[in-house]
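If you want the building blocks of each chain, they are given just below.
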Amino acid sequence: MQAKYPPPAPSIQFYFTTECGRNFQWAAVSMDSLLREVTEKGLRIKEVRTMEEQKALEASIELGKAYIERELKESA
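Below: a short report on this structure. (Residues numbered from 1 in each chain as written. Predicted model: local features only at pLDDT ≥ 70, side-chain atom pairs only at ≥ 80, totals over all residues. Heavy atoms only, no water.)

Here's the deal with the sheet that holds strand E3 (residues 45-50)
To keep it simple, the criterion reads: Should DSSP find at least two bridges between two strands, the strands are taken to pair. Put simply, DSSP marks the helices as runs of H or I at least four residues long and the strands as runs of E at least two long, and each gets a number from the N terminus on. Geometry is summarised by axes, namely lines fitted to C-alpha atoms with helices restricted to the contacting stretch, and by angles between N-to-C directions that run from 0 to 180 degrees. The contact definition used throughout considers only heavy atoms, calling two residues in contact when any of these lie within 4.5 Å.
Spatially, E2-E1-E3 is the arrangement adopted by the three strands of the open sheet, whose pairing is antiparallel. In the strand order of this sheet, the two ends are held by strand E2 (23-28) and E3, each with one partner. For this sheet, the mean inter-axis angle between neighbouring strands, taken without regard to orientation, is 30°. As defined by bridge partners, strand E1 (residues 12-18) adjoins E2 across six bridges and the pair is classed as antiparallel. What sits directly across from Phe14, in E2, is Trp26. Strands in contact with helix H1 (residues 31-40) are E1, E2 and E3; relative to E2, the strand with the most contacts, it is inclined by about 125°. Its contacts with the sheet place helix H2 (residues 51-75) against E1, E2 and E3, and it is angled at close to 90° to E3.

Below is the structure:
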């Protein structure tokens with residue numbers, strides 16, 4: 001008979017920047033567990049968001065860059 005273990009909690013992918021300027025991707029069960037794990041490693045978080053939020057931010061930055069490039073080409 002197999003032992004029954006509870007299924008692992010789903011992890012969330014986070015993206016964060018530390019106070020010293022390093023960028024990390026980190027999987028954790030929750031924001032609280034992320035903060036606890038990172039603090040135990042001796043890191044101090046400056047800014048944190050989920051990977052979904054990070055990808056949306058990067059997409060918005062790319063759209064802004066494309067808009068600026070298009071405007072510069074049209075004005076030349």
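Now that the structure has been shown, we can carry on.
With respect to the packing of aromatic side chains
In this description, a pair of aromatic rings is defined by centroid distance and the angle of the planes. Defined as follows: Note on aromatic pairs: the rings of Phe, Tyr and Trp (six-membered ring only in Trp) are paired at centre separations within 6.5 Å, and the planes decide the class, stacked below 30 degrees, edge-to-face beyond 60, tilted for the rest. Burial status follows relative accessibility: with a 1.4 Å probe on protein chains alone, a residue under 20% of its type maximum counts as buried, one over 50% as exposed, and anything between as partly exposed.
This model, assessed by the stated rule, comprises three aromatic pairs. With a centroid separation of 5.2 Å and 15° between ring planes, the pair formed by Phe16 and Phe24 is classed as stacked. Residue classification places Phe24 among the partly exposed positions, given a relative accessible area of 21%. Ring centres of Phe16 and Trp26 lie 5.9 Å apart, and the angle between their planes is 45°; on these two criteria the pair is classed as tilted. Highlighted residues: Phe16 in strand E1 and Trp26 in strand E2, separated in sequence by 10 residues.

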